[in-house]
Amino acid sequence: MREQSTDLRETVRRRYAAAAVKVTEGGTACCGPQPVEADENFGSTRYAAAERDALPAEAVAASLGCGNPTAVAELREGERVLDLGSGGGIDVLLSARRVGPTGKAYGVDMTDEMLALALANAEKAGATNVEFLKGTIESIPLPANTIDVVISNCVINLSVDKSAVFAETFRVLKPGGRIGVSDVVADDRLSPEQRAERGDYVGCIAGALSFAEYRRGLEAAGFTSVEITPTHPVADGMHSAIVRAVKPAGATEANGRSATGAPRPR
(Lines give C-alpha, C1' and ligand atoms only; values in the text may rest on other atoms or scores of the structure.)
Protein backbone atom coordinates (compact mmCIF):
# COMPACT_ATOMS: atom_id res chain seq x y z
CA MET A 1 0.00 0.00 0.00
CA ARG A 2 1.29 3.43 -0.90
CA GLU A 3 2.41 5.67 1.95
CA GLN A 4 -0.38 8.20 1.35
CA SER A 5 -3.00 5.45 1.42
CA THR A 6 -1.52 4.02 4.59
CA ASP A 7 -1.63 7.46 6.21
CA LEU A 8 -5.27 7.95 5.18
CA ARG A 9 -6.29 4.59 6.59
CA GLU A 10 -4.55 5.37 9.88
CA THR A 11 -6.26 8.76 10.02
CA VAL A 12 -9.63 7.07 9.55
CA ARG A 13 -8.78 4.44 12.19
CA ARG A 14 -7.80 7.09 14.74
CA ARG A 15 -10.96 9.10 14.14
CA TYR A 16 -13.27 6.13 14.73
CA ALA A 17 -11.23 4.81 17.62
CA ALA A 18 -11.65 8.19 19.31
CA ALA A 19 -15.40 8.07 18.63
CA ALA A 20 -15.66 4.64 20.27
CA VAL A 21 -13.70 5.80 23.31
CA LYS A 22 -15.94 8.84 23.67
CA VAL A 23 -19.07 6.70 23.67
CA THR A 24 -17.56 4.14 26.05
CA GLU A 25 -16.48 6.82 28.52
CA GLY A 26 -19.85 8.53 28.23
CA GLY A 27 -21.49 5.30 29.30
CA THR A 28 -20.08 5.77 32.78
CA ALA A 29 -21.79 9.14 33.22
CA CYS A 30 -25.07 9.54 35.10
CA CYS A 31 -27.08 10.34 32.00
CA GLY A 32 -25.62 7.74 29.63
CA PRO A 33 -23.57 8.20 26.48
CA GLN A 34 -23.84 11.30 24.36
CA PRO A 35 -24.02 10.86 20.56
CA VAL A 36 -20.76 11.36 18.69
CA GLU A 37 -20.76 14.82 17.15
CA ALA A 38 -22.17 14.84 13.62
CA ASP A 39 -24.31 17.21 11.61
CA GLU A 40 -27.93 16.49 10.73
CA ASN A 41 -26.92 14.54 7.62
CA PHE A 42 -25.16 11.81 9.62
CA GLY A 43 -25.77 9.77 12.74
CA SER A 44 -28.61 8.16 14.64
CA THR A 45 -31.28 10.54 13.31
CA ARG A 46 -31.25 8.42 10.13
CA TYR A 47 -33.04 5.68 12.09
CA ALA A 48 -36.66 5.54 13.20
CA ALA A 49 -37.27 6.23 16.87
CA ALA A 50 -38.63 2.71 17.38
CA GLU A 51 -35.39 1.24 16.05
CA ARG A 52 -33.24 3.47 18.27
CA ASP A 53 -35.30 2.72 21.35
CA ALA A 54 -34.91 -1.04 20.89
CA LEU A 55 -31.09 -0.93 20.99
CA PRO A 56 -28.45 -0.20 23.64
CA ALA A 57 -27.87 3.53 24.00
CA GLU A 58 -24.17 3.06 23.23
CA ALA A 59 -24.93 1.50 19.83
CA VAL A 60 -27.13 4.45 18.91
CA ALA A 61 -24.63 7.01 20.22
CA ALA A 62 -21.82 5.52 18.11
CA SER A 63 -23.78 5.75 14.87
CA LEU A 64 -21.96 7.89 12.31
CA GLY A 65 -23.58 6.72 9.09
CA CYS A 66 -25.39 8.68 6.39
CA GLY A 67 -28.43 6.40 6.10
CA ASN A 68 -30.11 3.24 7.30
CA PRO A 69 -29.06 0.31 5.09
CA THR A 70 -31.16 -2.18 7.05
CA ALA A 71 -34.25 -0.31 5.88
CA VAL A 72 -33.40 -0.76 2.18
CA ALA A 73 -31.71 -4.18 2.08
CA GLU A 74 -35.04 -6.06 2.40
CA LEU A 75 -33.59 -8.57 4.85
CA ARG A 76 -35.44 -11.85 5.22
CA GLU A 77 -35.73 -14.50 7.91
CA GLY A 78 -32.81 -16.93 7.89
CA GLU A 79 -30.42 -14.84 5.80
CA ARG A 80 -26.73 -14.25 6.51
CA VAL A 81 -25.86 -10.55 6.48
CA LEU A 82 -22.47 -8.83 6.52
CA ASP A 83 -21.97 -5.19 7.55
CA LEU A 84 -18.80 -3.59 6.16
CA GLY A 85 -17.30 -1.21 8.71
CA SER A 86 -19.70 -2.20 11.47
CA GLY A 87 -18.53 0.34 14.06
CA GLY A 88 -20.50 0.20 17.31
CA GLY A 89 -22.80 -2.44 15.85
CA ILE A 90 -26.09 -0.61 15.24
CA ASP A 91 -26.68 -2.07 11.78
CA VAL A 92 -25.53 -5.55 12.80
CA LEU A 93 -27.95 -5.59 15.74
CA LEU A 94 -30.83 -4.31 13.61
CA SER A 95 -30.00 -6.90 10.94
CA ALA A 96 -29.90 -9.68 13.53
CA ARG A 97 -33.42 -8.81 14.61
CA ARG A 98 -34.64 -8.88 11.00
CA VAL A 99 -33.07 -12.22 10.01
CA GLY A 100 -34.14 -13.88 13.25
CA PRO A 101 -32.65 -16.83 15.13
CA THR A 102 -32.21 -18.92 11.97
CA GLY A 103 -30.15 -16.17 10.35
CA LYS A 104 -26.92 -14.47 11.32
CA ALA A 105 -25.43 -10.98 11.15
CA TYR A 106 -21.68 -10.40 10.82
CA GLY A 107 -19.78 -7.17 11.23
CA VAL A 108 -16.22 -6.49 10.11
CA ASP A 109 -14.23 -3.53 11.41
CA MET A 110 -10.53 -2.66 11.61
CA THR A 111 -10.74 -0.64 14.83
CA ASP A 112 -10.19 -2.47 18.12
CA GLU A 113 -12.07 0.16 20.11
CA MET A 114 -15.15 -0.10 17.89
CA LEU A 115 -15.05 -3.90 18.00
CA ALA A 116 -14.95 -3.85 21.80
CA LEU A 117 -17.88 -1.44 21.87
CA ALA A 118 -19.85 -3.57 19.40
CA LEU A 119 -19.29 -6.73 21.44
CA ALA A 120 -20.47 -4.96 24.59
CA ASN A 121 -23.56 -3.68 22.75
CA ALA A 122 -24.37 -7.18 21.45
CA GLU A 123 -24.19 -8.52 25.00
CA LYS A 124 -26.45 -5.75 26.31
CA ALA A 125 -28.92 -6.43 23.49
CA GLY A 126 -28.91 -10.15 24.22
CA ALA A 127 -28.12 -10.85 20.56
CA THR A 128 -26.88 -14.38 20.03
CA ASN A 129 -26.92 -14.51 16.22
CA VAL A 130 -24.17 -11.93 15.69
CA GLU A 131 -20.41 -12.13 15.18
CA PHE A 132 -17.89 -9.31 14.92
CA LEU A 133 -14.65 -9.88 13.02
CA LYS A 134 -11.49 -7.81 12.95
CA GLY A 135 -10.35 -6.99 9.44
CA THR A 136 -10.49 -4.50 6.62
CA ILE A 137 -13.23 -4.22 4.04
CA GLU A 138 -10.57 -4.58 1.33
CA SER A 139 -9.74 -8.08 2.61
CA ILE A 140 -12.84 -9.53 4.26
CA PRO A 141 -12.08 -12.38 6.70
CA LEU A 142 -14.83 -14.68 5.40
CA PRO A 143 -14.80 -17.38 2.69
CA ALA A 144 -16.38 -17.01 -0.73
CA ASN A 145 -20.05 -17.57 -1.53
CA THR A 146 -21.31 -17.58 2.07
CA ILE A 147 -23.25 -14.31 2.55
CA ASP A 148 -26.76 -13.48 1.32
CA VAL A 149 -26.66 -9.71 1.79
CA VAL A 150 -23.87 -7.16 2.25
CA ILE A 151 -24.74 -3.84 3.83
CA SER A 152 -22.64 -0.82 4.77
CA ASN A 153 -23.33 2.64 6.15
CA CYS A 154 -21.14 5.45 4.87
CA VAL A 155 -17.92 3.42 5.04
CA ILE A 156 -16.99 2.46 1.48
CA ASN A 157 -16.25 6.13 0.73
CA LEU A 158 -13.56 5.93 3.45
CA SER A 159 -11.71 3.06 1.76
CA VAL A 160 -8.37 3.74 0.10
CA ASP A 161 -8.94 0.89 -2.40
CA LYS A 162 -12.59 0.80 -3.43
CA SER A 163 -12.04 -1.64 -6.31
CA ALA A 164 -10.78 -4.15 -3.72
CA VAL A 165 -13.89 -3.52 -1.60
CA PHE A 166 -16.17 -4.22 -4.55
CA ALA A 167 -14.23 -7.36 -5.52
CA GLU A 168 -14.25 -8.69 -1.95
CA THR A 169 -17.94 -7.94 -1.55
CA PHE A 170 -18.65 -9.87 -4.75
CA ARG A 171 -16.46 -12.75 -3.58
CA VAL A 172 -18.16 -13.33 -0.21
CA LEU A 173 -21.69 -13.09 -1.60
CA LYS A 174 -23.51 -16.23 -2.64
CA PRO A 175 -24.59 -16.40 -6.29
CA GLY A 176 -27.78 -14.37 -6.43
CA GLY A 177 -26.73 -12.40 -3.34
CA ARG A 178 -27.20 -8.65 -3.15
CA ILE A 179 -25.92 -5.44 -1.62
CA GLY A 180 -27.88 -2.67 0.06
CA VAL A 181 -25.50 0.14 0.95
CA SER A 182 -25.81 3.72 2.17
CA ASP A 183 -22.87 5.84 1.04
CA VAL A 184 -21.84 9.34 0.00
CA VAL A 185 -21.73 9.82 -3.78
CA ALA A 186 -20.66 12.87 -5.79
CA ASP A 187 -22.20 14.43 -8.86
CA ASP A 188 -20.38 13.37 -12.02
CA ARG A 189 -19.47 16.99 -12.72
CA LEU A 190 -17.23 17.22 -9.64
CA SER A 191 -13.53 16.40 -9.97
CA PRO A 192 -11.69 14.72 -7.07
CA GLU A 193 -10.18 18.11 -6.26
CA GLN A 194 -13.61 19.73 -6.10
CA ARG A 195 -14.87 16.96 -3.81
CA ALA A 196 -11.92 17.60 -1.49
CA GLU A 197 -12.87 21.29 -1.35
CA ARG A 198 -16.25 20.32 0.09
CA GLY A 199 -14.99 18.27 3.03
CA ASP A 200 -12.17 16.11 4.31
CA TYR A 201 -11.54 12.41 3.85
CA VAL A 202 -12.53 11.23 7.32
CA GLY A 203 -15.67 13.35 7.04
CA CYS A 204 -16.84 11.03 4.23
CA ILE A 205 -16.60 13.69 1.50
CA ALA A 206 -13.18 13.84 -0.18
CA GLY A 207 -13.00 10.08 -0.78
CA ALA A 208 -16.47 9.71 -2.29
CA LEU A 209 -16.87 8.29 -5.78
CA SER A 210 -19.05 9.93 -8.40
CA PHE A 211 -22.24 8.22 -9.55
CA ALA A 212 -20.55 7.02 -12.75
CA GLU A 213 -17.42 5.86 -10.91
CA TYR A 214 -19.47 3.92 -8.40
CA ARG A 215 -21.44 2.17 -11.13
CA ARG A 216 -18.32 1.34 -13.12
CA GLY A 217 -16.59 -0.03 -10.02
CA LEU A 218 -19.47 -2.35 -9.15
CA GLU A 219 -19.89 -3.54 -12.73
CA ALA A 220 -16.14 -4.17 -13.08
CA ALA A 221 -16.35 -6.43 -10.03
CA GLY A 222 -19.14 -8.41 -11.70
CA PHE A 223 -22.30 -6.90 -10.22
CA THR A 224 -25.48 -6.40 -12.25
CA SER A 225 -28.75 -4.52 -11.70
CA VAL A 226 -26.84 -1.57 -10.21
CA GLU A 227 -29.08 1.18 -8.81
CA ILE A 228 -27.76 4.35 -7.15
CA THR A 229 -30.49 6.57 -5.71
CA PRO A 230 -29.67 9.85 -3.92
CA THR A 231 -31.63 10.44 -0.73
CA HIS A 232 -30.45 13.77 0.72
CA PRO A 233 -27.63 16.30 0.15
CA VAL A 234 -24.61 16.30 2.46
CA ALA A 235 -22.63 19.05 0.68
CA ASP A 236 -22.81 20.99 -2.60
CA GLY A 237 -23.03 18.32 -5.30
CA MET A 238 -22.58 15.51 -2.74
CA HIS A 239 -25.35 13.16 -1.70
CA SER A 240 -26.17 10.36 0.65
CA ALA A 241 -27.34 7.59 -1.65
CA ILE A 242 -28.78 4.09 -1.54
CA VAL A 243 -26.75 1.65 -3.62
CA ARG A 244 -28.19 -1.68 -4.69
CA ALA A 245 -26.67 -4.39 -6.88
CA VAL A 246 -26.83 -8.15 -7.42
CA LYS A 247 -24.26 -10.92 -7.87
CA PRO A 248 -25.53 -12.94 -10.85
CA ALA A 249 -26.96 -16.36 -9.99
CA GLY A 250 -24.37 -18.12 -12.14
CA ALA A 251 -21.34 -16.36 -10.65
CA THR A 252 -19.01 -18.02 -8.14
CA GLU A 253 -15.86 -15.88 -7.91
CA ALA A 254 -14.98 -12.23 -8.37
CA ASN A 255 -13.12 -12.10 -11.68
CA GLY A 256 -11.20 -15.26 -10.85
CA ARG A 257 -10.39 -14.36 -7.23
CA SER A 258 -10.49 -17.46 -5.06
CA ALA A 259 -11.72 -17.94 -1.51
CA THR A 260 -9.51 -16.91 1.38
CA GLY A 261 -9.54 -20.33 2.96
CA ALA A 262 -11.01 -18.95 6.19
CA PRO A 263 -13.37 -21.27 8.08
CA ARG A 264 -16.99 -21.25 6.94
CA PRO A 265 -19.36 -19.06 8.94
CA ARG A 266 -21.06 -20.88 11.78
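Preceding this section is the structure that the text describes.
All values derive from a computational prediction rather than experimental measurement. (Residues numbered from 1 in each chain as written. Predicted model: local features only at pLDDT ≥ 70, side-chain atom pairs only at ≥ 80, totals over all residues. Heavy atoms only, no water.)

1. Considerations on the environment of Val 172
This is how it is decided: A run of DSSP states H or I qualifies as a helix once it reaches four residues; a run of E qualifies as a strand once it reaches two. Both are numbered from the N-terminal end. In this analysis, two residues are considered to be in contact whenever any of their non-hydrogen atoms come within 4.5 Å of each other.
Relative to the elements of secondary structure, Val 172 occurs in helix α6 (residues 162-172). Sequence-wise, Val 172 and Thr 146 are 26 residues apart; in three dimensions their C-alpha atoms are separated by 5.8 Å. Not counting chain neighbours up to four residues away, the residues in contact with Val 172 comprise Leu 82, Ile 140, Leu 142, Pro 143, Ala 144, Asn 145, Thr 146, Ile 147 and Val 150.

2. Here's the deal with the pairing of strand β5 (residues 173-186)
Put simply, the test is: To sort residues, take the accessible area from a 1.4 Å probe on protein chains only and compare it with the maximum for the residue type: under 20% means buried, over 50% means exposed, and anything in between is partly exposed. For two strands to be treated as a pair, DSSP must find at least two bridges joining them. By the criterion used throughout, a crossover qualifies as right-handed when its path from the first strand across the helix to the second strand runs clockwise, the strands pointing away from the viewer.
With 11 of 14 residues buried, β5 is to be regarded as a mostly interior element. With six bridges connecting them, strand β4 (residues 147-153) and β5 associate as parallel partners. Of the residues in β5, the one forming a bridge with Asn 153 is Ser 182. Since β4 and β5 lie parallel, the crossover through α6 that links them has a hand, and here it is right-handed. Strand direction decides the pairing type here: β5 and strand β8 (residues 238-246), joined by nine bridges, are antiparallel. Opposite Val 184, over in β8, you have Ser 240 as the bridge partner. Relative to strand β6 (residues 209-210), β5 is paired through two bridges, and the arrangement is parallel. Bridging across to β6, Ala 186 finds its partner in Ser 210.

3. Quick word on the packing of α6 against helix α8 (residues 211-221)
Short version of the rule: Helix axes use the C-alpha atoms of the stretch in contact, all axes being lines fitted to C-alpha atoms, and the angles between their N-to-C directions lie in the range 0 to 180 degrees. Our angle categories are set so that under 35 degrees counts as roughly parallel, over 145 as roughly antiparallel, 65 to 115 as roughly perpendicular, and the remainder as oblique. When the near helix sits turned anticlockwise from the far one by under a right angle, the crossing is termed left-handed; a clockwise turn instead gives a right-handed crossing. Three residue categories are used. Nonpolar comprises Ala, Val, Leu, Ile, Met, Phe, Trp, Tyr, Cys and Pro, charged comprises Asp, Glu, Lys and Arg, and polar comprises the others, including Gly.
Contact geometry for α6 and α8: axes closest at 8 Å, N-to-C directions at 45 degrees. In this view, α6 runs oblique relative to α8, as classed from their interaxial angle. Considering only the axes of α6 and α8, their crossing is right-handed. Between α6 and α8, the contacting residues are Phe 166, Ala 167 and Phe 170 on the first element and Tyr 214, Gly 217, Leu 218 and Ala 221 on the second. Considering only residue class, the contact of α6 with α8 consists of six nonpolar, one polar and no charged.

4. Some words on helix α5 (residues 112-125)
Because each turn of an α-helix spans 3.6 residues, side chains separated by three or four positions in sequence point in the same direction. Rule in force here: For a helix, the expected span equals 1.5 Å multiplied by the residue count minus one. Directions drawn from the helix axis to the C-beta atoms are what define this arc.
For α5, which comprises 14 residues, the first-to-last C-alpha distance of 20 Å matches the rise-based estimate of 20 Å (1.5 Å per residue) to within 8%. Taken as a whole, α5 has its buried residues at Met 114, Leu 115, Leu 117, Ala 118, Asn 121 and Ala 122. Angularly, the buried residues of α5 cover 160 degrees about the axis, an arc narrow enough to put them on a single face. Exposed residues pointing more than 90 degrees away from the buried face of α5 are listed as Glu 123 and Lys 124. Positioned one or two residues after α5, Gly 126 has a phi angle of 70 degrees, which is positive.

5. Comments concerning the nonpolar core
Rules: In this description, a nonpolar core means a group of buried Ala, Val, Leu, Ile, Met, Phe, Trp, Tyr and Cys residues linked to one another through side-chain atoms lying within 4.5 Å.
Ranked by size, the top nonpolar core spans 32 residues in total, and within it Leu 82, Ile 179, Tyr 214, Leu 218 and Phe 223 carry the most contacts. Contributions of two or more residues to this core are made by β1 (80-84), β2 (104-109), β4, α6, β5, α8, β7 (224-235) and β8. Those residues within four positions of Leu 82 in sequence are excluded, and the remaining contacts are Tyr 106, Gly 107, Val 108, Ile 140, Leu 142, Ile 147, Val 149, Val 150, Ile 151 and Val 172. Residues Leu 93, Ala 118, Val 130 and Phe 132 belong to the second largest nonpolar core, which totals nine residues.

6. Side note on the packing of aromatic side chains
Here is the rule we go by: Stacked, edge-to-face and tilted are the three classes for Phe, Tyr and Trp ring pairs, Trp counted by its six-membered ring, which pair at centre distances within 6.5 Å; planes under 30 degrees apart are stacked, over 60 edge-to-face, the rest tilted. In our convention, an over-ring charge means Lys NZ or Arg CZ found within 6 Å of a ring centre and within 35 degrees of that ring's normal.
Within the structure shown, the criterion is met by two aromatic pairs. Considering the side-chain rings of Phe 166 and Tyr 214, the 5.4 Å spacing of their centres and the 45 degrees angle between planes classify their relative orientation as tilted. Taken together, the positions of Phe 166 in helix α6 and Tyr 214 in helix α8 put the pair 48 residues apart, joining distant regions of the chain. In this pair, the class of Phe 166 matches that of Tyr 214, namely buried. Between Phe 170 and Phe 223, the ring centres sit 5.1 Å apart and the planes meet at 85 degrees, which makes this aromatic pair edge-to-face. Remark: Phe 223 occurs in the loop between α8 and β7 and Phe 170 occurs in helix α6; sequence separation between them is 53 residues. Residue placement shows Lys 247 over the ring face of Phe 170; its charged tip is 4.8 Å from the ring centre.

7. Here's the deal with the environment of Glu 219
Mapping Glu 219 onto the fold places it in helix α8. Residues Glu 219 and Val 246, spaced 27 residues apart in sequence, show a C-alpha to C-alpha distance of 9.9 Å.

8. Comments concerning the pattern of salt bridges
For clarity, the cut-off: Think of a salt bridge as a Lys or Arg side-chain nitrogen and an Asp or Glu carboxyl oxygen that are within 4 Å of each other.
Per the counting criterion, the structure on display carries 11 salt bridges. Among the salt bridges present, the one from Glu 131 reaches Lys 104, with a minimum N-O distance of 3.0 Å. Of the two residues, Glu 131 sits in strand β3 (residues 130-134) while Lys 104 sits in strand β2, which places them 27 residues apart along the sequence. With respect to class, Glu 131 is no different from Lys 104; both count as buried. With a shortest N-O distance of 3.9 Å, Glu 219 and Arg 215 are connected by a salt bridge. Highlighted residues: Glu 219 and Arg 215, both in helix α8, separated by four residues, approximately one helical turn. Owing to a relative accessible area of 33%, Arg 215 belongs among the partly exposed residues under this scheme. The structure contains a network of salt bridges with shared partners spanning Asp 187, Arg 189, Arg 198 and Asp 236.

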